[in-house]
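Read off the chains here:
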Amino acid sequence: MTTKTPRQFFRPLAIGAPEPFRELPLRLERMIHFVPPHLEKVRAKVGDLAPTVDIVLGNLEDAIPVEAKQAARDGFIAMGQAVDFGKTGLWTRVNALNSPWFLDDITAIMGQIGGKLDVVMVPKVEGPWDIHYVDQLLAQFEAKYCLPKPILIHAILETAEGVKNVETIATASPRMHGMSLGPADLAASRAMKTTRVGGGHPEYKVIADPTSDGAPRAVAQQDLWHYTLAKMVDACAAAGIKPFYGPFGDFADEAACEAQFRNAFLLGCAGAWTLHPSQIAIAKRVFSPDPAEVAFAKRILEAMPDGSGAVMIDGKMQDDATWKQAKIIVDLARQVAARDPQLAAHYGM
Ligand SMILES: CC(=O)SCCNC(=O)CCNC(=O)[C@H](O)C(C)(C)COP(=O)(O)OP(=O)(O)OC[C@H]1O[C@@H](n2cnc3c(N)ncnc32)[C@H](O)[C@@H]1OP(=O)(O)O
Ligand SMILES: CC(=O)C(=O)O
Ligand SMILES: [Mg+2]
């Protein structure tokens, strides 16, 4: 594949558009909270909701009825204008690039609240060509409206072709913020035989061999999403962008939601989607590091001030590599502490 030279890669795509970021802005993004902006009742509470989440996302795509597409777009703009989001990110999920609504979504939003928007989430991204199109369009709007800061792109990985092209999607533009797993559309795209939005399936399992005494055979459920999530995490980490778990649709099963989010956290994800207020506390709990882990990570950093050598702590060998792991945990704890005084106290920060 032909790619741009390094210098061309970082040039603005429209005269007057801001320079692309070289590094992602440092932001705590434990949950991307989805708001249906066509509902006046929900919209009215966004001012109170915003300080309790890291990101508010106005959803315009799936889950918004066709007859409410315009109301959702208008509602998102009204909400964006009315609310002071402070340190909370303001994102939107626009309709798919091949839908009848995308062009009007992006045109209206950039014209009216482009200066407040942080990230555009693009659904059903199939390859780098989708990112290039949105990249160029955003640059033209940034130039037209003299926006000082580039708007970032977050892709949803939710088609088989997208998964096949995940590495070229991740590196398609300096505007790439990250990626989320879209387990519902991806399941459909792959003809997986499920009807769930994320999470496991009891029939996806391995079973131990039968024994001569006929004892019940041990069964272990496997994670349907491990392969895709791991592939996405590697593509994102290699490109210097952020991977996220997507939605978990069974709001009543908080334990399963927490387990799926925690697997994603341990594997390298920065956050997950919250679709219902009850999921916010789960995401906060999972994507803020455990105070005991933070305390141990601090001991590693203190024992190896320049990050080199080998020391023993509680019988465990530490060296340059565990120092790097510890730094990731302590840096994340610092970000969380800056946002959450209660956790700051638990972390001793
Ligand atoms: C596969 C995908 O694409 S996933 C992404 C697309 N899906 C979404 O964005 C769904 C977002 N969530 C929602 O729209 C809603 O949660 C629904 C429609 C699924 C369920 O809503 P309800 O039936 O109202 O749920 P419930 O009665 O439990 O809500 C309790 C309260 O929380 C509010 N609430 C529910 N969801 C949200 C939300 N996402 N954000 C803010 N408030 C919410 C309700 O308005 C209700 O408020 P009230 O107590 O003042 O009446
Ligand atoms: C997240 C999403 O859009 C999906 O699972 O299809
Ligand atoms: Mg989807």
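Preceding this section is the structure that the text describes.
Note that the structure is predicted; figures quoted are calculated from it, not measured. (Residues numbered from 1 in each chain as written. Chains lettered and ligands numbered in written order. Predicted model: local features only at pLDDT ≥ 70, side-chain atom pairs only at ≥ 80, totals over all residues. Heavy atoms only, no water.)

Caption draft 1: Quick look at the environment of Ser 278. If you trace the backbone, Ser 278 turns up in the loop between strand 10 (272-274) and helix 12 (280-287). Along the backbone, Ser 278 and Ala 252 are 26 residues apart, and their C-alpha atoms lie at a distance of 8.9 Å. Polar side-chain contacts of Ser 278 include one of 2.9 Å to the side chain of His 276. (Helix = DSSP H or I, 4+ residues; strand = E, 2+ residues; numbered from the N terminus. Polar contact = N/O pair within 3.5 Å; in protein donor to acceptor, adjacent residues only side chain to side chain.)

Caption draft 2: Looking closely at helix 4 (residues 69-82). With 14 residues, helix 4 extends 20 Å from end C-alpha to end C-alpha; this agrees with the ideal 20 Å at 1.5 Å per step. Within the span of helix 4, buried status applies to Lys 69, Ala 72, Arg 73, Gly 75, Phe 76, Ile 77, Met 79 and Gly 80. The secondary structure elements touched by the buried residues of helix 4 are strand 1 (31-35), helix 2 (40-43), helix 3 (46-49), strand 2 (55-59), strand 3 (89-93) and helix 5 (102-113). (Expected span 1.5 Å × (residues − 1). Buried < 20%, exposed > 50% of the residue type's maximum accessible area, 1.4 Å probe, protein only. Contact = heavy atoms within 4.5 Å.)

Caption draft 3: Fine view of the site of ligand 2. With respect to spatial proximity, the complete set of residues near ligand 2 consists of Arg 93, Glu 158, Gly 182, Pro 183, Ala 184, Asp 185, Pro 247 and Trp 273. Taking Arg 93, its side chain carries an N or O atom lying 3.0 Å from an oxygen atom of ligand 2. Contacts to ligand 2 include Gly 182, whose backbone N or O atom sits 3.4 Å from an oxygen atom. Here ligand 2 loses 93% of its free accessible area of 210 Å² to cover by the protein chains. With respect to the pocket detection grid, ligand 2 is positioned in the second largest pocket. Per element, the largest residue contribution to the shell around ligand 2 is three residues, and it comes from helix 9 (residues 183-189). The class makeup of the residues in the shell around ligand 2 is four nonpolar, one polar and three charged. (Near = heavy atom within 4 Å. Areas by Shrake-Rupley, 256 points an atom, 1.4 Å probe, with all protein chains shown as cover. 1 Å grid on protein atoms, 1.4 Å probe; cavity = no way out; pocket = protein on both sides within 12 Å on 5 of 7 lines; lining within 4 Å. Sits in = over half its atoms within 2 Å of the grid points. Nonpolar A, V, L, I, M, F, W, Y, C, P; charged D, E, K, R; others polar.)

Caption draft 4: Inspection of the coordination of the magnesium ion (ligand 3) at higher detail. Taken together, the protein donors to the magnesium ion (ligand 3) comprise Glu 158 (OE) and Asp 185 (OD), at separations of 2.0 to 2.1 Å. Linking Glu 158 in the loop between strand 5 (152-157) and helix 7 (160-164) with Asp 185 in helix 9, this pair joins segments that are 27 residues apart in sequence. What makes Asp 185 partly exposed here is its relative accessible area of 25%. (Donors = N, O, S within 2.8 Å, 3.2 Å for Na, K, Ca; no water.)

Caption draft 5: Geometry of the site of ligand 1. Around ligand 1, a shell composed of 17 residues is seen, among which Phe 34, Lys 41, Lys 45, Leu 275 and His 276 lie nearest. Within the side chain of Lys 45, a nitrogen or oxygen atom sits 2.2 Å from an oxygen atom of ligand 1. Note that an oxygen atom of ligand 1 is positioned 3.1 Å from one of the side-chain N or O atoms of Arg 93. With the chains in place, 59% of the 950 Å² that ligand 1 exposes on its own is no longer accessible. Here the residues of the shell around ligand 1 sort into ten nonpolar, three polar and four charged.

Caption draft 6: How the structure looks around the packing of aromatic side chains. If you walk through the whole model with that rule in mind, you get eight aromatic pairs. An angle of 10° between the planes, with centres 6.3 Å apart, marks the rings of Phe 141 and Tyr 145 as stacked. Its relative accessible area of 10% is what places Phe 141 among the buried residues. What makes Tyr 145 partly exposed here is its relative accessible area of 32%. Ring geometry for Phe 265 against Phe 287: centres 5.7 Å apart, planes inclined by 90°, an arrangement best described as edge-to-face. On the criterion of sequence distance, the pair formed by Phe 265 in helix 11 (residues 254-267) and Phe 287 in helix 12 is long-range, its members being 22 residues apart. Look at Phe 287 and you get buried, because its relative accessible area is 1%. One aromatic cluster in this structure is built from Tyr 245, Phe 261, Phe 265 and Phe 287. Positioned above the aromatic ring of Trp 101 is the side chain of Lys 69, whose terminal nitrogen or guanidinium carbon lies 4.8 Å from the ring centre. Cation over ring: Lys 316 sits above Phe 296, and NZ or CZ is 5.4 Å from the ring centre. (Phe/Tyr/Trp six-rings, centres within 6.5 Å; stacked < 30°, edge-to-face > 60°. Lys NZ or Arg CZ within 6 Å of the ring centre and 35° of its normal.)

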